[in-house]
Amino acid sequence: ESPADEDADYGDGDDDSYEQPADDEPLIPGTYRALYPFEPEGTAEMALEEEQVVHVIGRGGGVGWAIVEKQGGGHALVPESCLELVQADEPGSSS
């Protein structure tokens with residue numbers, strides 16, 4: 001009948017929720033900012049500069065890759081890990 005034990009059990013439950021793989025979460029379409037520069041290694045990838053703002057349309061090209069719209073038209077891949085969400089797209093709106 002120790003409250004400390006209950007708190008400990010509750011804490012363990014919390015930890016479990018944080019261990020879910022992030023890959024299961026949908027990548028939110030919207031405006032993202034590059035946290036650091038990225039040098040492309042393949043023709044499908046696009047270079048990023050730190051603080052560069054890009055529009056993400058979804059996930060693709062394998063685990064950990066995001067599809068972005070290129071300025072000149074078309075799409076390219078960039079690492080999801082170097083992107084930070086700035087503004088999510090409004091559902092149902094198209095630019």
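Below or above, wherever it landed, is the structure these notes cover. (Residues numbered from 1 in each chain as written. Predicted model: local features only at pLDDT ≥ 70, side-chain atom pairs only at ≥ 80, totals over all residues. Heavy atoms only, no water.)

Let's talk about the pattern of salt bridges
Pairing between side chains of opposite charge can happen when the charged atoms of each approach one another.
Phase 1 of the analysis: Taken as a whole and assessed by the stated rule, the structure comprises three salt bridges.
Phase 2 of the analysis: The salt bridge involving Glu51 is made with Arg33; its shortest N-O contact spans 3.0 Å. On the criterion of sequence distance, the pair formed by Glu51 in the loop between strand 1 (30-34) and strand 2 (53-59) and Arg33 in strand 1 is long-range, its members being 18 residues apart.
Phase 3 of the analysis: Accessibility expressed as a relative area gives 46% for Glu51, which makes it partly exposed.
Phase 4 of the analysis: A relative accessible area of 22% places Arg33 in the partly exposed class.
Phase 5 of the analysis: Glu80 is the partner of Arg59 in a salt bridge, and the nearest nitrogen-oxygen pair spans 2.8 Å. (Salt bridge = Lys/Arg side-chain N within 4 Å of Asp/Glu carboxyl O. Helix = DSSP H or I, 4+ residues; strand = E, 2+ residues; numbered from the N terminus. Buried < 20%, exposed > 50% of the residue type's maximum accessible area, 1.4 Å probe, protein only.)

From the geometry alone we can't say anything about function, so treat these as descriptive.
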